[in-house]
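Tertiary structure, described
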Amino acid sequence: MERNIALRLRYIGTRYHGWQVQKNLDTVCGTMEHALTKLCGHSVKVTGCGRTDAGVHARRYCANFKTTCSIPVDRFPLALNPLLPPDISVMSACEAEPDFNAILSCEKKEYIYKLFNSRLRDPFYADRACFYPAPLKADVMQKAASYFVGTHDFAAVRSVGTETKTTVRTVYWYDVERTGDILTLRVCADGFLYNMVRAMAGTLVYASEGKLKPEDIPMLLEKRDRRMTGPTMPPGGLYMNRLWYSGPVGDMMQAELPWESE
């Protein structure tokens, strides 16, 4: 009997060319499929909740696959992790509905972008936060972020890449927090366009530097011109952070696991 298994993953994306399988390149999905095929004894195709780019990380990530193997669902993390490299880990698993799809069934997603805002580099933040030595004003960035909240056409903060039917998305919240030298930008939406989170982060940086005013953002969104907004920030500061689903997968993804520090 075929089962639909959903996995909760956590990974460091530094050495991978993103999630999506690419010929002759190391990807997170390719690594997962290789391990699952070995474990299940048959070819496995994995569906992920989003196409994270090269160098992007995931604190929480959902993927699903179909299998006829008889491994108990609660044994998948312990059985699978020894077959995976140390920068990818399966945290939990559950049986999903037959029609569950990790990307199509996702209701909303939250990403965070981290900036290490100090005059001196810290090697422990290399590829984990974007080093930004110029002073950043969290209050100005928060004001700018507030203009992204709501339902808008986000073509102005989208890189040319994956084709979509519409560039309209709904942002539910966008919060800027400073803890010491670390700035955390936290944004949740019903979906994201290619490089949208990193381009929004770059636009907040531009606002902090006075290269645009926070009040300009509605006009910039209306013009839909990518050249008028901020730069696409480096991938190492970006993390997929939280995901929302209905049913048992939703319970699994929202559970606060004691070994997963936020």
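The coordinates are above.
Residues numbered from 1 in each chain as written. Predicted model: local features only at pLDDT ≥ 70, side-chain atom pairs only at ≥ 80, totals over all residues. Heavy atoms only, no water.

Scanning all chains against the criterion turns up 0 disulfides. Between C29, a cysteine without a disulfide, and C49, which holds the nearest cysteine sulfur, the sulfur-to-sulfur distance is 11 Å. On the basis of relative accessible area, C29 is assigned to the buried category, the value being 3%. This cysteine, C188, is not joined by any disulfide, and C106 carries the nearest cysteine sulfur, 9.0 Å off. (Disulfide = S-S within 2.5 Å. Buried < 20%, exposed > 50% of the residue type's maximum accessible area, 1.4 Å probe, protein only.)

Before going further, it helps to spend a moment on the packing of helix 3 (residues 138-146) against helix 4 (residues 196-208). The interhelical angle for the contact between helix 3 and helix 4, taken along N-to-C directions, is 130 degrees, at an axis separation of 8 Å. Here helix 4 runs oblique to helix 3, going by the angle between their axes. For the pair helix 3 and helix 4, the sense of crossing is right-handed. On helix 4, the residues touching V140, M141, A144 and A145 of helix 3 are L204, V205, A207 and S208. A breakdown of the residues in the contact of helix 3 with helix 4 according to their chemical character gives 7 nonpolar, 1 polar and no charged. (Axes fitted to C-alpha atoms, helices over the stretch in contact; angles between N-to-C directions. Helix = DSSP H or I, 4+ residues; strand = E, 2+ residues; numbered from the N terminus. Parallel < 35°, antiparallel > 145°, perpendicular 65-115°, else oblique. Left-handed = near helix turned anticlockwise from the far one by under 90°. Contact = heavy atoms within 4.5 Å. Nonpolar A, V, L, I, M, F, W, Y, C, P; charged D, E, K, R; others polar.)

What follows is about the pattern of salt bridges. Tallied over the entire structure, the rule returns 10 salt bridges. Notably, a salt bridge pairs R60 with E256, separated by 3.2 Å at the nearest N-O pair. Placement of R60 in strand 3 (residues 57-67) and of E256 in the segment after helix 6 (247-254) is noted, with a sequence separation of 196 residues between them. On the basis of relative accessibility, which here comes to 2%, the residue R60 falls in the buried class. Assessed through its relative accessible area of 53%, E256 is described here as exposed. Members of the salt-bridge network, linked through shared partners, are E110, E177 and R186. (Salt bridge = Lys/Arg side-chain N within 4 Å of Asp/Glu carboxyl O.)

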